[in-house]
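Structural characterization, general
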Amino acid sequence: MSLSALPLSPARVFAELLAPPLGARGRENEPAPGLLGGRSTAAPPGREVHVSGSAELCAAPDRARVSIRLGSRKGEAGEARSSVTRRLEYIAQSARQRGVQEENVTVTKDFSRVENAYQMEAEVCITFSDFGKMQNVCNLLVEKLGSSVIITPPHFYHTAEAVDTLRRQVCLAAVGNTRRKAQEVCRLFGQSLGKPLLIREEEMKEWEGQIDTHPSSSSNTLTVQQRIQSATIYASSKIFAIFEIKGREKRKNKLI
């Protein structure tokens with residue numbers, strides 16, 4: 001599954017360069033404990049930069065499910081079974097030859113007596129991870145079996161692993177953006193960025209894609225690409241972080 005970064009709106013950067021209050025380090029000009037003559041050689045109070053940042057990513061669906069329905073009504077029970085069984089075998093063979101694993105194919109059958117005839121109905125549900133294979137299988141079945149089967153439009157969705165991956169990646173992207181902003185703030189004042197003191201995810205949002213369709217359009221008339229776009233998941237993350245400020249940024253001497 002591919003994840004692609006979306007263009008972000010202009011970032012709203014919140015940054016503060018802070019030092020702890022004097023009360024936390026002792027009163028100003030107060031001698032440090034254990035030092036003679038009231039002279040302190042302790043390191044200067046630590047300083048911090050507070051920054052917020054965000055990121056937004058999307059993930060297209062990684063699975064598609066197609067349902068194939070077929071049936072037969074005959075005067076003899078064996079004829080009804082035989083008609084459906086032949087088509088089921090052809091559907092299974094076509095899917096298998098195109099790399100569909102057996103565990104991704106589910107078949108249900110229903111046999112009943114209707115008036116003076118026997119009726120057998122079956123449904124084959126196939127789950128695809130390769131959408132190109134899905135289209136090839138469906139096109140072949142339409143060509144070879146025609147109106148004797150009914151193929152429903154594909155249902156696109158995400159596995160739990162794909163959703164978890166998207167959530168992790170968007171969070172990490174937001175953390176990376178936040179750290180880069182903190183570095184830029186420090187560099188602007190000639191300082192260098194230290195270690196993180198706090199990293200907190202303040203907001204996490206998820207939503208599905210939307211497509212522009214005519215109000216009277218039915219979901220059955222959507223193209224494959226429109227269905228993929230509609231099933232695409234978007235996620236955004238907002239991060240708040242606090243970093244240490246080391247001090248003046250060291251610059252390497254340039255060789256002449």
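Below, the structure is looked at part by part. A quick note: this is a predicted structure, and the numbers were derived from the prediction, not measured. (Residues numbered from 1 in each chain as written. Predicted model: local features only at pLDDT ≥ 70, side-chain atom pairs only at ≥ 80, totals over all residues. Heavy atoms only, no water.)

Describing the overall build of the chain
From N to C terminus, the chain includes four helices and 10 strands. If you list the helices and strands of the chain from N to C, you get β-β-β-β-α-β-β-α-β-β-α-β-α-β. For the chain, the proportion of its 256 residues judged to be buried stands at 32%. Restricting to contacts in the chain with at least 6 residues of sequence separation, those with at least 24 account for 83%. Accessible area for the chain stands at about 17100 Å²; split by element, carbon and sulfur atoms hold 49% of it. (Helix = DSSP H or I, 4+ residues; strand = E, 2+ residues; numbered from the N terminus. Buried < 20%, exposed > 50% of the residue type's maximum accessible area, 1.4 Å probe, protein only. Contact = heavy atoms within 4.5 Å. Areas by Shrake-Rupley, 256 points an atom, 1.4 Å probe, with all protein chains shown as cover.)

Quick word on the environment of Glu202
On the secondary structure map, Glu202 appears in strand β9 (residues 191-208). If near-sequence neighbours (up to four positions away) are discounted, Glu202 is found in contact with Lys238 and Phe240. At 3.3 Å, the side chain of Glu202 forms a polar contact with the side chain of Arg200. (Polar contact = N/O pair within 3.5 Å; in protein donor to acceptor, adjacent residues only side chain to side chain.)

Some thoughts on helix α4 (residues 224-231)
All buried positions along α4 are accounted for by Arg227, Ile228 and Ala231. When α4 is viewed along its axis, its buried side chains cluster within an angular range of 100° and face the same direction. For α4, the elements touching its buried residues are α2 (131-145), β8 (155-157) and β10 (233-248). (Arc of directions from axis to C-beta.)

Structural notes on the pairing of strand β4 (residues 63-74)
For β4 and β8, the ladder comprises three bridges, and the chain directions are antiparallel. Across the sheet, the residue bridging to Ala64 is Phe156, located in β8. Across 11 bridges, β4 lies against strand β6 (residues 117-128) in antiparallel orientation. Bridge pairing in β6 places Ser72 opposite Met120. Taken together, the three bridges between β4 and strand β7 (residues 149-151) define a ladder with antiparallel strand orientation. (Pairing = 2+ DSSP bridges.)

What about the pattern of salt bridges?
Per the stated rule, a full pass over the model turns up five salt bridges. Salt-bridge contacts for Asp62 lead to Arg63; the nearest nitrogen and oxygen are separated by 3.6 Å. Residue class for Asp62 comes out buried when judged on its relative accessible area of 13%. When the shortest N-O distance is used, the salt bridge between Arg167 and Asp164 registers 3.6 Å. With Arg167 and Asp164 both in helix α3 (residues 160-188) and three residues apart, this pair spans about one turn of that helix. Residue classification places Asp164 among the partly exposed positions, given a relative accessible area of 36%. (Salt bridge = Lys/Arg side-chain N within 4 Å of Asp/Glu carboxyl O.)

Quick notes on unusual backbone geometry
Positive phi values are uncommon outside glycine, yet Glu115 reaches one of about 55°. Along the chain, the position of Glu115 falls in the loop between β5 (105-114) and β6.

Any functional reading would require information that these geometric values do not contain.
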